[in-house]
Amino acid sequence: MLDILKIRKDTPHCEDRIFLNSAGSSLMPLPVVDRMKNYLDEESKHGGYKLYDLYVDEIKEFYTEVAKLLNCQTRNVAFAFNATDAFAQALYAIPFEKGDIIITTDDDYVSNHIQFYALYKRFAVQTIRVNNLENGSIDLTHLERLIKEHRPKLISVTHVPTNTGKVQDVESVGRLCAQNDVLYMVDACQSVGQMPVDVEKIKCDFLCVTGRKFLRGPRGTGFLFVSDRVLQRGLYPLRLDGWSANWVAPNRFEFHASAQRYEVYEQSYACTLGLKEAVKYANQIGLDNIYVYNQTLLHRLTSTLAQQEDILFLDRGEKMVNIFTFQKKGVSKENLENALAKHNVYFSTASRGSALIDFDKKGVDWAIRLSPHYFNTMEEMDRVAEIIASI
Ligand SMILES: Cc1ncc(COP(=O)(O)O)c(C=O)c1O
């Protein structure tokens, strides 16, 4: 299904290394890099404002491509500088009051947990965590009970955690939120770009994404999906400017009807266009195709490693995507890291601080994280397994 030769040609540096860090910051395809370079060249001639006027129609394609990717309308899409920025814009649009409840999971992203705790310190907004089932999935019966008992203002779920490839059942959570009229935020930072993500099916109010990971866009980019329900309710973020709102009288402003209300004026349009190209690239290949190919990569890697008795598999979940974490029994973190680096394998090491609750449950304080993506090959999976065997 995938034209892997073309894809690798578009990613020249995947040939001189085994790049397994798309969950960190992936390799950008050539069309992304070229578009950014050209835009910057032209910006050096014309200055930023003139160039914006010249390319405003192309800049609008960013919204069209994202809308296609997520199955929404362009009015629901806001540019953001990263997933945390998108998340914060959404979170601080919710009019929390003292004693309000947020429900989240044990596996939500570190920065999200930290922000919830900051809300507790400042406004006494409480966070409750739903239980996991034995198999690692969210316990939906427990969630339903918590919703009925606590009438939360927000439910926030990370679709795929940073430290493990488990896919949370965000659609079932979305059904419960819709039935109980609870605002629903999904952190899709690690899922978008490696699998189909459809906001209509998820029924979320907000969905946060970064550009540089599985979407293969530039650093410093991301986006936020905002539902029509939220737009119509008039929720607006605290960080506003003359782009997100119009100042119409000394004491009055009118915010934009669309998700532009969640953006600010100043951004690097070279980066926006780079992200537009990245989303277009993924749309053209097709997220279904990417998902199917990525599953075969993951299966090849994990089944080969399963033949080695001393690999400690750390991932638990019913449905997995391409964030694979492990340790090797009797081998220190440093030795694993050095050996992989020596063979030019690009990877990340996840630390306890990035997934505190999950790592404590698993009884580990680090894990090597490999995140193969569709420009990788089956041969690379075998090679990495061989390298790990030799350590
Ligand atoms: C699940 C998840 N959410 C959010 C983030 C934060 O993304 P960003 O660094 O783009 O703000 C990350 C980054 O690793 C992540 O893995």
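Residues numbered from 1 in each chain as written. Predicted model: local features only at pLDDT ≥ 70, side-chain atom pairs only at ≥ 80, totals over all residues. Heavy atoms only, no water.

What follows deals with the domain arrangement of the chain. Per the domain assignment, the segments of the chain are domain 1 (4-20 + 286-389) and domain 2 (31-284). Just the C-alpha atoms count here: the centres of domain 1 and domain 2 sit 27 Å apart. For the pairing of domain 1 and domain 2, the buried interface totals around 2600 Å² over both sides, and the portion due to carbon and sulfur atoms is 53%. There are one salt bridge connecting domain 1 and domain 2. Across the salt bridge formed by K361 and D106, the nearest N and O atoms sit 2.7 Å from each other. In this assembly, domain 1 and domain 2 are joined by 16 residue pairs in polar contact (both at pLDDT 80 or more). Of all the secondary structure elements, the ones that give two or more residues to the side of domain 1 that touches domain 2 are α11 (287-305) and α13 (356-362). (Domains from an automatic or database assignment. Buried area = accessible area lost by both parts, 1.4 Å probe. Salt bridge = Lys/Arg side-chain N within 4 Å of Asp/Glu carboxyl O. Polar contact = N/O pair within 3.5 Å; in protein donor to acceptor, adjacent residues only side chain to side chain. Helix = DSSP H or I, 4+ residues; strand = E, 2+ residues; numbered from the N terminus.)

We now examine the sheet that holds strand β7 (residues 206-210). Taken together, seven strands build an open sheet; the order of strands is β2-β8-β7-β6-β5-β3-β4 and the sheet is mixed. The open sheet has two edge strands with one neighbour each: β2 (77-80) and β4 (126-129). Taking the axes of each pair of neighbouring strands and ignoring which way they run, one obtains an average angle of 20° across the sheet. Summarising the sheet, strand β6 (residues 183-187) and β7 pair through three bridges and their orientation is parallel. Residue pairing in the sheet places D187 in a bridge with C208 of β7. This element, helix α5 (residues 110-123), spans β3 (101-104), β4, β5 (154-158) and β6 of the sheet and lies at about 165° to β3. (Pairing = 2+ DSSP bridges. Axes fitted to C-alpha atoms, helices over the stretch in contact; angles between N-to-C directions. Contact = heavy atoms within 4.5 Å.)

Counting across every chain of the model gives 19 aromatic pairs. Plain terms: the ring middles of Y52 and Y269 are 4.8 Å apart, the flat faces sit at 50° to each other, and that makes the pair tilted. Note that Y52 is positioned in helix α3 (residues 48-70) and Y269 in helix α10 (residues 269-285), a separation of 217 residues in sequence. A relative accessible area of 12% means that Y269 is categorised as buried. Each ring, one from F313 and one from F324, has its centre 5.5 Å from the other, and the planes form 65°; the classification is edge-to-face. Residue F313 is found in strand β11 (residues 311-313), and its partner F324 is found in strand β12 (residues 324-328); the two are separated by 11 residues along the sequence. The class of F313 is partly exposed, set by a relative accessible area of 30%. According to the relative accessible area criterion, F324 is buried, its value standing at 2%. In this structure an aromatic cluster arises from ring pairing among F62, Y63, F79, F81 and F223. Geometry around Y55 places R35 over its ring, the cationic atom sitting 5.1 Å from the centre. (Phe/Tyr/Trp six-rings, centres within 6.5 Å; stacked < 30°, edge-to-face > 60°. Buried < 20%, exposed > 50% of the residue type's maximum accessible area, 1.4 Å probe, protein only. Lys NZ or Arg CZ within 6 Å of the ring centre and 35° of its normal.)

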